[in-house]
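# Overview (structure and organization)
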Amino acid sequence: MKWGVSMESKTKKKSLIRSSLISTGGFFIAKLLGLVYTIPLASILASDAYLSYYGTAYRIYSYILQVFTAGFPMAVATMIATYATLEDPRTVLKVRRIAIRFLAVMGAAGMLLMMLLSPLFGSVVAGQENGSVMRNVLLILSAAVFLVPLLSAYRGYCQGMDEMEEYAFSQTFEQFVRVGFLLGVSCLLVYGFHADRVWALYASVAATSVAALAGLFQIARYTGRSRHRLEKAAADTDAPDIPARKLVRDFVLLAVPYFVMAILGYIDDPINSILLPYALNHSGYTPDQVNVVLSAVNYVGSKLISIPMILGPGFTAALIPHITSMLAEQNLRGVRKNVREVISIVLYVALPVCACMALYARPIYYILYYTEDLNLAASTIAWNSLEGVAGSVLPVITSMMMALRLRRAGLKSLAIYSVFKVVTVVPMVMWLGFPGAVLSSLTGALYVFFANLHEIRHRYRISFRALSHQMIFIVAGLLCMWGVTWLIQTAGFTADSGSKLVCLLQLMVSGLVSLGVYLGVTWFFQIPQTVFGLRGRSHV
């Protein structure tokens, strides 16, 4: 049977790395837009308190969204990929219908929960005086908790069918609509109608629902074409009909590990929204300094570290269907190759990007963002950049454990990480200030990374010796990058005072020089050639 194009030949044409880079490219454009809009929005809101409410509200929204959806899009992708590999279009269509209806129900439940909890979260985060503003922000965001799960059902279908171009385009399209609405309406309210800036805050969070609705129309129209093709193929299939009840049961059972993984893996969102403010308020910071730190972490920091963190969802989106198909075909050699490639690429790219953010935190904040305390904000961003490494690597490793059928070990390590973070974050912040929160995260992340690598190596006999050798030269490149940056800043090119245009030019030049040094050192030792499969003789 042919589906216009055989699924088997299609899968062979699209390598894991190609699909990963396509999906990562979509995430990159979306996150880049998300980073760019924060610069004018900071000027429009012109308040550390409003920026803190905006960033913290999205942390709460993200976690509730994960609780009610995470796992299900991955289950959709896994089941679609499995039945597409088996060339069973009838079952693919059934899974698609089940996913859309199920996630609509989950989204509605999440929306109701967020609406009910918004008064409580508002008073905890913003206090009694400004709790109503925070409550209104959360109420507006709750509509997106219903719409985004529906969108994720369609995207899970695209993942499973290996239609990564549409998956990437959907991300980008949604973000373009969101940024356009957010900046356009906010500017109109503040500068056109001279409304209070709190209305710009409300319009900014409403943009998420508007963009999700537009994204739904776009992706539903696109997937409608492949649905018609599958319906024609299903009419001619002689495959046995699988009852919908069995598919629902398999769908839920498959989603549960991903669901638990999301609750544990995104534990930083409720921690930074609830426990971190509590710890900061009891660790010697003044109320104004608490607002500066929370604005830096939840508004600026979350956007900056989202740049390297796109590697997580980008590679995960392609990883699940590829490894699922290879395991179905008993292609263990391909599984081993893909595991090594993905880990190497994520580490090679994420480490220098996060290092650059830490090294240039002060000029980045001075040039691009609003704050009432540059020294404290820059120090916070520098420390927060280190979490970008964990945020880039852990989603890939944990999703890899799910795809490799090592769910129990993966969830166990994540549970230990979550408990450790919840137990240690408050005392460590009270002891060390905000750096204590970062050290708490990194300690737990290192455990998860090495525990999962050990399990993968033991179960699939994968050697990571070459990865260890690569890390030596990657660290050497990072040290050289740090040394060059120190020399540049010691020479007086600090890019944190005077004309912001001149500082921006200095930052761009010095940043490119620093990254160029890292690339040059690692290129000399053949690291990128090895990691990306380019020509050249490797030193590792």
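Residues numbered from 1 in each chain as written. Predicted model: local features only at pLDDT ≥ 70, side-chain atom pairs only at ≥ 80, totals over all residues. Heavy atoms only, no water.

Given a rise of 1.5 Å per residue, 22 residues ought to cover 32 Å, and the 31 Å separating the end C-alpha atoms of helix H3 (residues 48-69) matches this to within 8%. Along H3, 19 of the 22 residues are buried, which leaves the element largely enclosed by surrounding structure. Among the residues of H3, the N-terminal cap falls to Ser-47, whose side-chain oxygen and the backbone nitrogen of Ala-49 are separated by 3.2 Å. Taken from the residues just after H3, Gly-71 is the one with a positive phi, measuring 100 degrees. (Helix = DSSP H or I, 4+ residues; strand = E, 2+ residues; numbered from the N terminus. Expected span 1.5 Å × (residues − 1). Buried < 20%, exposed > 50% of the residue type's maximum accessible area, 1.4 Å probe, protein only. Polar contact = N/O pair within 3.5 Å; in protein donor to acceptor, adjacent residues only side chain to side chain.)

Further remarks concern the confidence of the model for the protein. The predicted model of the protein averages 85 in pLDDT, with 90% of residues at 70 or higher. Below a pLDDT of 50 lies the segment residues 4-14, which in the model reaches 21 contacts outside its immediate sequence neighbourhood of four places, other chains included. (pLDDT = per-residue confidence, 0-100. Contact = heavy atoms within 4.5 Å.)

Moving on, we come to a nonpolar patch on the surface. A cluster of nonpolar side chains, namely Leu-501, Leu-504, Leu-505 and Met-508, defines an oily patch on the protein surface of about 380 Å² accessible area. Checked against the element boundaries, Met-508 lands in helix H19 (residues 500-524). (Patch = residues over 30% accessible without salt bridge, like charges linked within 9 Å, V, L, I, M, F, W, Y side chains within 5 Å. Areas by Shrake-Rupley, 256 points an atom, 1.4 Å probe, with all protein chains shown as cover. Salt bridge = Lys/Arg side-chain N within 4 Å of Asp/Glu carboxyl O.)

This next bit is on the layout of surface pockets. Taken as a whole, the second largest pocket encloses approximately 650 Å³ of empty space. The wall of the second largest pocket is formed by 25 residues, among which Leu-347, Leu-351, Val-389, Leu-446 and Met-471 lie closest to the centre. Sort the elements by how many residues they give to the lining of the second largest pocket and helix H17 (residues 434-460) lands first, with seven residues. Among the residues forming the lining of the second largest pocket, the class breakdown is 23 nonpolar, two polar and no charged. (1 Å grid on protein atoms, 1.4 Å probe; cavity = no way out; pocket = protein on both sides within 12 Å on 5 of 7 lines; lining within 4 Å. Points joined across faces, edges and corners; volume = space filled by probe spheres on them. Nonpolar A, V, L, I, M, F, W, Y, C, P; charged D, E, K, R; others polar.)

Let us look at the packing of aromatic side chains. Scanning the entire structure with this criterion turns up 14 aromatic pairs. Residues Tyr-54 and Tyr-58 carry aromatic rings whose centres are separated by 4.9 Å and whose planes lie at 50 degrees to one another, so their mutual orientation is tilted. Placement of both Tyr-54 and Tyr-58 in helix H3 is noted, with a separation of four residues, approximately one turn of the helix. For the pair Tyr-54 and Tyr-58, a shared accessibility class is recorded, and that class is buried. Centroid distance Phe-72 to Phe-102: 4.8 Å. Interplanar angle 50 degrees. Geometry classified as tilted. Taken together, the positions of Phe-72 in helix H4 (residues 72-85) and Phe-102 in helix H5 (residues 89-160) put the pair 30 residues apart, joining distant regions of the chain. An aromatic cluster is present here, built from Tyr-54, Tyr-58, Tyr-61 and Tyr-299 joined pairwise through their rings. Over the ring of Tyr-157 we find Arg-96, and its NZ or CZ is 5.5 Å from the ring centre. The ring of Tyr-366 carries the charged tip of Lys-500 above its face, separated from the ring centre by 5.4 Å. (Phe/Tyr/Trp six-rings, centres within 6.5 Å; stacked < 30°, edge-to-face > 60°. Lys NZ or Arg CZ within 6 Å of the ring centre and 35° of its normal.)

For helix H10 (residues 287-304), with 18 residues, the first-to-last C-alpha span of 24 Å sits near the 26 Å given by 1.5 Å per residue. At Ala-296, H10 is deflected by roughly 35 degrees, the largest bend along its length. Counting buried positions over the 18 residues of H10 gives 13, a clear majority of the element. (Bend = angle between axes of the 7 residues up to and from the residue.)

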